[in-house]
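# Observations on the model geometry
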Amino acid sequence: MDSLRFLIVEDSPTMRQLISFSLKRFKGCKIVEAVDGVDALKKLQTEEVDMILTDINMPVMDGLKLVTLVKQNPKLRELPIVIITTEGAQEDRDRGLALGADAYISKPIQSSHLLKVITDLLEKKR
Amino acid sequence: MDDHSDLFKKSQEFLQMVNQQKDFIQDVLKENERLRFQIAGLQGKSTSDPLVSQEMALLKKKVEQLEAQKAEIERRFQNVEAENKDFAQRYIEIEEQNNNLANLYVASYQLHSTLDFQEVLHIVMEIVINLIGAEIFSIMLLDEKTNDLGVLAHEGYDEDVKFPRVHIGEGVIGSVVKTGESYYINQAGSGYKVDFLHPLACIPLKIKENVIGVINIHKLLVQKDAFTAVDYELFSLLAAHAATAIFSSRLYSQSERKLTTIQGFLDLLTTSGQRG
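The structure contained in this document is the topic of the report that follows.

About the criteria used
Residues numbered from 1 in each chain as written. Chains lettered and ligands numbered in written order. Predicted model: local features only at pLDDT ≥ 70, side-chain atom pairs only at ≥ 80, totals over all residues. Heavy atoms only, no water. Helix = DSSP H or I, 4+ residues; strand = E, 2+ residues; numbered from the N terminus. Rg over C-alpha atoms; globule rule 2.2 N^0.38 Å. Axes fitted to C-alpha atoms, helices over the stretch in contact; angles between N-to-C directions. Parallel < 35°, antiparallel > 145°, perpendicular 65-115°, else oblique. Contact = heavy atoms within 4.5 Å. Nonpolar A, V, L, I, M, F, W, Y, C, P; charged D, E, K, R; others polar. Buried area = accessible area lost by both parts, 1.4 Å probe. Salt bridge = Lys/Arg side-chain N within 4 Å of Asp/Glu carboxyl O. Polar contact = N/O pair within 3.5 Å; in protein donor to acceptor, adjacent residues only side chain to side chain. Buried < 20%, exposed > 50% of the residue type's maximum accessible area, 1.4 Å probe, protein only. Right-handed = clockwise from strand over helix to strand, strands pointing away. Pairing = 2+ DSSP bridges.

## Brief notes about the overall build of chain B
- Check the secondary structure of chain B and you find five helices and six strands.
- Listing the helices and strands of chain B from first to last along the sequence gives α-α-α-β-β-β-α-β-β-β-α.
- Against the 2.2 N^0.38 benchmark of 19 Å for 276 residues, chain B shows a C-alpha radius of gyration of 48 Å, more extended than a compact globule.
- Counting only C-alpha atoms, chain B reaches 180 × 60 × 35 Å along its principal axes.

Here's what the structure looks like:
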């Protein structure tokens with residue numbers, strides 16, 4: 001699990017720090033941060049990542065639009081995407097997964113749950 | 001005549017056959033009796049033979065030892081299983097504790113990361129949304145001149161809501177300000193309606209014993225049924241750290257304003273002096 005690269009897309013610095021904190025359990029992992037969908041797409045042009053963790057409600061471009069664009073891009077579509085959001089209703093979850101997200105986590109997050117979801121996705125990808 | 005002699009011949013043959021069978025059965029019974037006697041003799045010999053009985057006693061003892069060992073192994077196995085369960089439970093608890101500490105660390109770090117009043121308010125709101133999982137909540141600050149509380153920031157309420165001012169000691173919110181003790185109940189079912197004066201949680205923002213305001217939580221996110229252990233820890237943290245952060249950033253903003261005003265005066269005086 002060494003040298004993994006994650007892209008965290010979150011407008012909240014608190015959540016970015018909390019998610020980064022949890023991801024440090026993957027020793028040596030590299031974290032790239034983006035504050036919204038547009039920023040994330042820009043970062044994806046220059047940075048190679050193994051997984052995207054994105055919020056939904058963000059200014060400029062929301063997480064659902066980002067998921068759609070990433071899944072439409074032949075170079076990026078294989079990247080696993082985890083949505084981490086306050087939107088916990090079943091229809092929101094269904095919508096996120098239907099757009100191509102690989103997992104959906106409702107806030108507040110449990111670090112152990114987040115790590116399990118990520119580990120499962122990485123194993124599935126191998 | 002011929003028929004009679006034929007029948008007689010056949011009956012003689014049948015009788016002879018029956019007699020032969022009778023003899024055979026008697027022979028078998030005799031053999032059975034002989035074997036029984038032999039077995040009884042052998043059995044008697046085995047119990048009376050000291051070597052055989054010694055061997056049997058040894059075997060019996062070994063069986064007992066093995067039984068005892070089996071019981072001991074079963075007991076140890078049960079102990080190990082119980083320990084395993086205990087470790088698994090402890091692991092879950094430690095993971096939970098880790099999670100809680102991470103939440104508290106991040107909340108505390110973010111609260112003290114800026115001296116900008118609006119930014120501090122924004123961070124407090126982020127913590128309440130993302131870490132506690134509140135959907136509808138407000139931050140009220142105490143006005144030292146009027147001695148009542150007014151809403152400073154809010155999230156999730158209807159657009160036309162009118163926030164009342166609350167006096168110290170009045171209702172749930174006023175009592176929290178007066179006593180400095182947090183108040184919380186858990187969300188009651190799906191029919192729950194937001195009533196501003198009756199929040200689910202009211203957390204005092206305290207600097208030592210002085211309450212400078214409160215955080216009212218009126219509704220939790222749909223995926224969150226009730227407050228958890230870490231929420232109560234976060235409430236304690238917010239009570240102290242959010243209060244300090246809000247208070248110090250407000251003082252800093254005020255001092256910045258005053259400094260600008262004084263600087264303006266000084267510039268004015270300097271200019272006037274040069275002209276004079």
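## Here's the deal with the packing of helix α1 (residues 13-23) of chain A against helix α3 (residues 117-132) of chain B
- One way to put it is that α1 of chain A packs onto α3 of chain B with a least axis distance of 9 Å and a crossing angle of 50°. Considering the angle they form, α1 of chain A stands oblique to α3 of chain B. Mapping the contact onto sequence places P13, T14, M15 and L18 of chain A in α1 of chain A and I123, E126, I127, N130 and L131 of chain B in α3 of chain B.
- Grouping the constituent residues of the contact of α1 of chain A with α3 of chain B by class yields six nonpolar, two polar and one charged.

## Some thoughts on the interface of chain B and chain A
- Between chain B and chain A, the contact holds 22 residues from the first and 20 residues from the second.
- Carbon and sulfur atoms supply 56% of the area buried between chain B and chain A, which totals about 1700 Å² over both sides.
- In terms of surface lost to chain A, no three residues of chain B exceed N99, N130 and Q223 of chain B, which account for 32% of the buried area on that side.
- Counting the contacts that link chain B with chain A gives one salt bridge.
- The partner of E95 of chain B in a salt bridge is R25 of chain A, and the shortest N-O contact between them spans 2.7 Å.
- Seen at the junction of chain B and chain A, the total is 10 residue pairs in polar contact (both at pLDDT 80 or more).
- By residue number, the principal contributor to the side of chain B that touches chain A is helix α2 (residues 50-111) of chain B, which donates 10 residues.
- When grouped by side-chain class, the residues that make up the side of chain B that touches chain A number 12 nonpolar, seven polar and three charged.

## Some remarks on the pairing of strand β5 (residues 103-106) of chain A
- Because side chains alternate across β5 of chain A, one face comprises the buried residues A103 and I105 of chain A, and the other comprises Y104 and S106 of chain A, equally buried.
- Traced from strand β4 (residues 81-85) of chain A through helix α4 (residues 90-98) of chain A to β5 of chain A, the parallel crossover comes out right-handed.

## Quick word on helix α4 (residues 171-179) of chain B
All names here are of chain B.
- By the burial criterion, the buried members of α4 are V172, I173, G174, V176 and V177.
- Of the surrounding secondary structure, the elements contacted by the buried residues of α4 are β1 (134-143), β2 (148-155), β3 (166-167), β4 (183-184), β5 (201-207) and β6 (210-220).
- Note on α4: the residue one or two positions beyond its end, G180, has a positive phi of about 80°.

## Notes on the sheet that holds strand β3 (residues 51-54) of chain A
Residues and elements named next belong to chain A.
- Spatial strand order, β2-β1-β3-β4-β5: five strands in an open sheet with parallel pairing. Each edge of the sheet is formed by a strand with only one pairing partner; in this case those strands are β2 (30-34) and β5. Taking the axes of each pair of neighbouring strands and ignoring which way they run, one obtains an average angle of 20° across the sheet.
- Strand direction decides the pairing type here: β3 and β4, joined by three bridges, are parallel. Residue T54 lies in a different strand from β4, and its bridge partner there is I83.
- Across the sheet, helix α2 (residues 37-46) is in contact with β1 (5-9), β2 and β3; its angle to β2 comes to roughly 140°.
- α4 rests against β4 and β5 of the sheet, and its axis sits at about 150° to β5.

## Observations regarding the pairing of β2 of chain B
All names here are of chain B.
- With seven bridges joining them, β1 and β2 adopt antiparallel strand pairing. Residue pairing across strands places M140 opposite V151, the latter belonging to β2.
- Linking β1 to β2, which pair antiparallel, is a turn of four residues; within it N147 sits at a positive phi near 60°.
- Pairing of β2 with β3, which is carried by two bridges, proceeds in the antiparallel orientation. The residue bridging D148 from the neighbouring strand is H167, located in β3.

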